[in-house]
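Examination of the molecular architecture
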Amino acid sequence: MREMKDSGIEWIAHIPSNWTTDRMKYLFTNGKGLSITKENLIETGLPVISYGQIHSKSNSGTDIKDELLRFVDFQYQTNYPQCEVFQYDFVFADTSEDYDGCGNCVYKRDSSLLFGGYHAIIMHSLVKRDNRYFAYLFKTDSWRKQLREVASGVKLFSITQKVLMNSSVIVPPEDEQKAISDYLDLRCTELDTIISDIQSQIEALEEYKRSVITEAVTKGLDPDVEMRDSGVQWIGMIPKHWTVDNPKWHFVQRKDRATKGLTQLTASQKYGVVTQEEYMEITGAKVVTVEKDFDILKLVCPGDFIIHMRSFQGGLEYSEKYGSISSAYVMLIPQKTILEPRFYKWFFKSPVYIDALSSTSNLIRDGQAMRYANFIQLPIPLMPKEEQQQIADYLDSKCAEIDSIIAEKKQQIETIEEYKKSLIFEYVTGKKEVPIWK
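In this report, the structure presented in the accompanying data block is examined. Once a new chain begins, its residue numbering starts again from 1 and follows that chain's sequence as written. Predicted model: local features are reported for residues with pLDDT of at least 70 only, side-chain atom pairs are reported and counted for 80 or more only, and whole-chain, interface and lining totals are derived from all residues. Note that the side-chain values use all heavy atoms of the structure and ignore hydrogens as well as water.

1. Details of the packing of aromatic side chains
The geometry of an aromatic ring pair comes down to the distance between the two centres and the angle between the two planes. Ring pairs shown here join Phe, Tyr and Trp side chains whose ring centres sit within 6.5 Å, with only the six-membered ring taken for Trp; geometry is labelled stacked below 30 degrees between planes, edge-to-face above 60, and tilted in between. In this structure the tally under the stated criterion is 31 aromatic pairs. Ring centres of F28 and F90 lie 5.8 Å apart, and the angle between their planes is 75 degrees; on these two criteria the pair is classed as edge-to-face. Placement of F28 in strand β4 (residues 28-32) and of F90 in strand β7 (residues 90-93) is noted, with a sequence separation of 62 residues between them. By the burial criterion, F28 is buried, and F90 matches it. Centre to centre, the rings of F348 and Y353 are 5.0 Å apart; their planes meet at 55 degrees, and the pair counts as tilted. On the basis of relative accessibility, which here comes to 0%, the residue F348 falls in the buried class. In this text, helices come from DSSP runs of H or I with a minimum length of four residues, and strands from runs of E with a minimum of two, each type numbered from the N-terminal end. Exposure is judged per residue with a 1.4 Å probe applied to protein chains only, and the accessible area is read against the type maximum: over 50% gives exposed, under 20% gives buried, and values in between give partly exposed.

Here it is, written out as structure tokens:
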């Protein structure tokens, strides 16, 4: 077992006896990125690492994603040569909307032309050497913890150049840095391949779920039923005994005003209709709660459908809750004597309906909210209520089954990601040893 020593730094603790620690300022020099605005961005030109690149959820660790690069005119290369990012440099974000994002960075592995963008701190390597080891070190929560402890801000957290330059790093001998990097490159590539394969399975399952929903709400459950043309292009063929009709005859607007004391609700594409407290807990986002003038709120009852501002992106929301909601939304009451709301919950969330809804008005593409006028432009299928219930029961069961498999696969990815993080931590801190490869 290798000999260890106390590093003298709390977050590092013990390290191998032949390793050292140092300050970033003795390994790197720093600089600021370009001062650019959205108006300066163009389709092609000088590639720039943006704030979004550094904080992107799709950014795996410190790798630069070409699809996330932004572009400015090449004149910046002449006017701001100090902003160029060289091979083996790092680019950190000096601000983060997420506390956990403090210390996020990207690492430049190649020698292609690249500049640092706004809200970027460029760390130029003092010695031209492969900094893969430090790229792995900067991924660890332990290293970032020292930055988070001194980050300033409440809603927007800031990391200064001085803070970065004074942060501590572990410095193994260069041959061990290479050995660790080579080993982690190999192992992390293997794990990323497994993750990518599982993600592909998830995408296939989600596509299968979408096709199951579309097939059931437009074709029914009987594969042998006689079909006919619905007369509606986006619906296509339907069972012969089905009809289509304007939804205005079957859904009326609820215009009741809410009263003081009712639970305030939020309608979202991802979480459906939830209380504002639930939404804030799930997302961490702040929602403005009405504290007075409650007559601006509308009543929502179980079984109502809600047209919200972005329904064209994700369909209508079905409420199982009683409460109040913004007057900007439209509540619809289904005619329950002939309609099974659970069937239309699935129909309004089907890909074919969402695609049709998004094409109902140019106003939507201009950023304006969905309206009742958009809703009534799209015919809905009608069939016996008993059949609606059968289809709803089938989709409730089938989609729950698919969602369960998807959840298991997402858990597999989380487990592998956690294992990957622990693997990186153990080797970059010397807790585990990689043989020096000759």
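2. Here we look at the layout of surface pockets
A pocket here means an open set of points on a 1 Å grid, computed over the protein atoms alone, that has protein on both sides within 12 Å along at least five of seven lines. A cavity is instead a set of points where a 1.4 Å probe fits but cannot get out; residues with an atom within 4 Å of a point line either one. Grid points are joined across faces, edges and corners, and a volume is the space filled by probe spheres set on the points. Taken as a whole, the second largest pocket holds about 900 Å³ of empty space. Taken together, 26 residues form the lining of the second largest pocket, with K209, Q269, K270, W346 and K349 sitting closest to its centre. Breaking the lining of the second largest pocket down by element, the ones donating at least two residues are α6 (174-219), β19 (272-275), α8 (311-314), β22 (317-318), α9 (341-347), α10 (351-358) and α13 (385-428). Ranked by residue count, the leading element in the lining of the second largest pocket is α6, at four residues. For the lining of the second largest pocket, the class distribution of residues is nine nonpolar, six polar and eleven charged. Put simply, Ala, Val, Leu, Ile, Met, Phe, Trp, Tyr, Cys and Pro go in the nonpolar bin, Asp, Glu, Lys and Arg in the charged bin, and everything else, Gly too, in the polar bin.

3. Description of empty space enclosed by the protein
According to the stated counting rule, one finds one cavity of 30 Å³ or more in the structure shown. Volume-wise, the largest cavity comes out at about 50 Å³. Taken together, eleven residues form the lining of the largest cavity, with W19, E176, I180, E433 and V434 sitting closest to its centre. Broken down by element, the lining of the largest cavity gets its largest block of residues, three residues, from α6.

4. Focus on the sheet that holds β7
In sheet architecture, strand pairing relies on hydrogen bonds along the backbone and comes in two forms, parallel and antiparallel. For two strands to be treated as a pair, DSSP must find at least two bridges joining them. Reading across from one edge, β4-β11-β7-β9 is the order of the four strands in this open sheet, with antiparallel pairing throughout. Only two strands of the sheet have a single neighbouring strand rather than two, namely β4 and β9 (105-107). Sheet twist, expressed as the average angle between the axes of neighbouring strands with direction ignored, equals 20 degrees. Helix axes use the C-alpha atoms of the stretch in contact, all axes being lines fitted to C-alpha atoms, and the angles between their N-to-C directions lie in the range 0 to 180 degrees.

5. Points about the side chain of D89
Residue placement: D89 occurs in the loop between α2 (75-79) and β7. The charged side chain of D89 is buried without a salt bridge, its nearest counter-charge being K108 at 7.6 Å. Residues adjacent in sequence count toward polar contacts only when both atoms are side-chain atoms; beyond that, a polar contact is any pair of N or O atoms within 3.5 Å, and within protein one must be able to donate a hydrogen and the other to accept it. A distance of 2.7 Å separates polar atoms of two side chains, one belonging to D89 and the other to H124. Here, two residues are considered to be in contact whenever any of their heavy atoms come within 4.5 Å of each other. With residues up to four places along the chain from it excluded, the contact list for D89 reads V106, Y107, K108, I122, M123, H124 and S125. A positive count includes Lys and Arg, and a negative count includes Asp and Glu. His and the chain ends are not counted in either. Between Lys or Arg on one side and Asp or Glu on the other, a salt bridge is scored when a side-chain nitrogen of the former is within 4 Å of a carboxyl oxygen of the latter.

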